Amino acid sequence: MSYIWWEWSADKGEFESLEIDFTIHNDVGDFSRRHGLYLMLGFSHIAGVPFYFGLQTNVNDPAVGPRGKGLIFSRWETRDLDDARVADPVEGWTESSGHEGDFIGVRRSYQWSAGEYRVRVAPDGSDEAGRWFGMWITDKATGETTWGGSLRFPYQDGKASITSPVYSTMEIYGTPIRPIDIPEWHVSIARPLGDGAKPTRGVTGFQAFSIETLNSDAWYDPTEDALHFKAGGLTQRTTLPGEILFN
């Protein structure tokens, strides 16, 4: 429904870890079993392989169906689940599919709500076949950190690291739905840190891959150094898509 591309300077365009602080301003609950909201905190590449991660209101388990709120972390260009480590045998599971191109993913139930969080994607070991990257989320109110699972990526020229740019977006998924029936959701994302360095440029936009949902907005607040997403319900668009040059 709305998105931003975060871009680092050329000399900071490759990094070991990616850290994102974000605030969920209101809890939309488990609003529907036929639809879901996805806060994709990051889409990028590791060693040339696409990956993404974030939070969903209704995460699918291929074995049992939707399991409610949770974390997802996926990579493409493989169907081999030997490249996946589940965080928890009960609360976590894997997926291997070809419906969005060949991919695998780790998922974990996680009852997120309104509040402040930090997500980190970082190395989690290596072996001859590649380098593992894990996803962790920290509830900043309690300080509790939860591991969402890890994925292995192949080496490229003898290494594996995250590359700029990084894409963040708020999505609606599932069967067709009227935009007015999407619950209003407000999330803000601080400028990400790639090995401690912030992006220097951002490019915002709306509805990159489907018919535009007009009740969506995205704006940058320089005092917070954060990008705000709001969509659904009676949301009114107050900004135009475009380039942001950060100080």
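See the structure above.
Residues numbered from 1 in each chain as written. Predicted model: local features only at pLDDT ≥ 70, side-chain atom pairs only at ≥ 80, totals over all residues. Heavy atoms only, no water.

A. Seen up close, the pattern of salt bridges. According to the stated counting rule, one finds 18 salt bridges in the structure shown. When the shortest N-O distance is used, the salt bridge between arginine 67 and aspartate 61 registers 2.8 Å. Taken together, the salt bridges that share partners define one network made up of Glu19, Asp21, Arg118 and Lys140. (Salt bridge = Lys/Arg side-chain N within 4 Å of Asp/Glu carboxyl O.)

B. Expanded view of the packing of aromatic side chains. Within the structure shown, the criterion is met by 15 aromatic pairs. Taken together, Phe51, Phe53, Phe73, Phe133 and Phe153 form an aromatic cluster joined through their ring pairs. Lying over the aromatic face of tryptophan 112, lysine 69 brings its terminal NZ or CZ to 4.5 Å of the ring centre. The residue whose ring lies beneath arginine 75 is phenylalanine 153, and the NZ or CZ to ring-centre distance is 5.3 Å. (Phe/Tyr/Trp six-rings, centres within 6.5 Å; stacked < 30°, edge-to-face > 60°. Lys NZ or Arg CZ within 6 Å of the ring centre and 35° of its normal.)

C. How the structure looks around the side chain of arginine 131. Looking at where arginine 131 falls in the secondary structure, it is placed in strand E13 (residues 130-139). In this structure the side chain of arginine 131 is engaged in a polar contact, spanning 2.4 Å, whose partner is the side chain of glutamate 16. If sequence neighbours within four positions are ignored, arginine 131 has contacts with Glu16, Pro123, Gly125, Ser126, Leu151, Arg152, Phe153, Tyr155 and Ala160. (Helix = DSSP H or I, 4+ residues; strand = E, 2+ residues; numbered from the N terminus. Polar contact = N/O pair within 3.5 Å; in protein donor to acceptor, adjacent residues only side chain to side chain. Contact = heavy atoms within 4.5 Å.)

D. A look at the nonpolar core. Membership of the largest hydrophobic core comes to 50 residues, with the highest contact counts inside it found for Phe22, Phe53, Phe73, Trp185 and Ile189. Discounting residues that sit within four places of it in the chain, tryptophan 185 has contacts with Ile24, Asn26, Val28, Leu37, Tyr38, Leu39, Trp112, Met170, Phe229, Lys230 and Ala231. If you look at the next biggest cluster of nonpolar residues, it comprises 10 residues, including Tyr3, Ile72, Phe103 and Tyr167. (Core = buried A, V, L, I, M, F, W, Y, C linked by side-chain atoms within 4.5 Å. Buried < 20%, exposed > 50% of the residue type's maximum accessible area, 1.4 Å probe, protein only.)

E. Looking closely at the environment of glutamate 91. Summarising the element assignment, glutamate 91 is placed in the loop between strand E9 (84-85) and strand E10 (92-97). With near-sequence residues (within four places) excluded, glutamate 91 lies in contact with Arg67, Arg107, Arg108 and Ser109.

F. Fine view of the pairing of strand E5 (residues 49-56). Along E5, 8 of the 8 residues are buried, which leaves the element largely enclosed by surrounding structure. Burial of the side chains of E5 extends over both faces: Val49, Phe51, Phe53 and Leu55 are buried on one face and Pro50, Tyr52, Gly54 and Gln56 on the other. As paired strands, strand E4 (residues 35-46) and E5 are joined by 8 bridges and run antiparallel to one another. Directly across from isoleucine 46, in E5, lies its bridge partner valine 49. In this antiparallel pair of consecutive strands, E4 and E5, the connection spans 2 residues, and alanine 47 shows a positive phi of 55 degrees. Pairing between E5 and strand E8 (residues 70-76): 6 bridges, direction antiparallel. Bridge pairing in E8 links leucine 55 to leucine 71. (Pairing = 2+ DSSP bridges.)

G. Representation of the pairing of E13 within the structure. Most of E13 is tucked away: 9 of the 10 residues are buried. In this structure, strand E12 (residues 115-127) lies alongside E13, joined through 9 bridges in antiparallel fashion. When the sheet's bridge partners are listed, tyrosine 117 is paired in E13 with aspartate 139. Linking two consecutive strands that pair antiparallel, namely E12 and E13, is a turn of 2 residues. Of the strand pairs in this sheet, E13 and strand E14 (residues 145-153) are connected by 8 bridges, and their pairing is antiparallel. Bridged to methionine 135 within E14 is glycine 149. Hairpin geometry of E13 and E14 is characterised by an intervening segment of 5 residues between the two adjacent antiparallel strands and by a positive phi of about 80 degrees at glycine 143.

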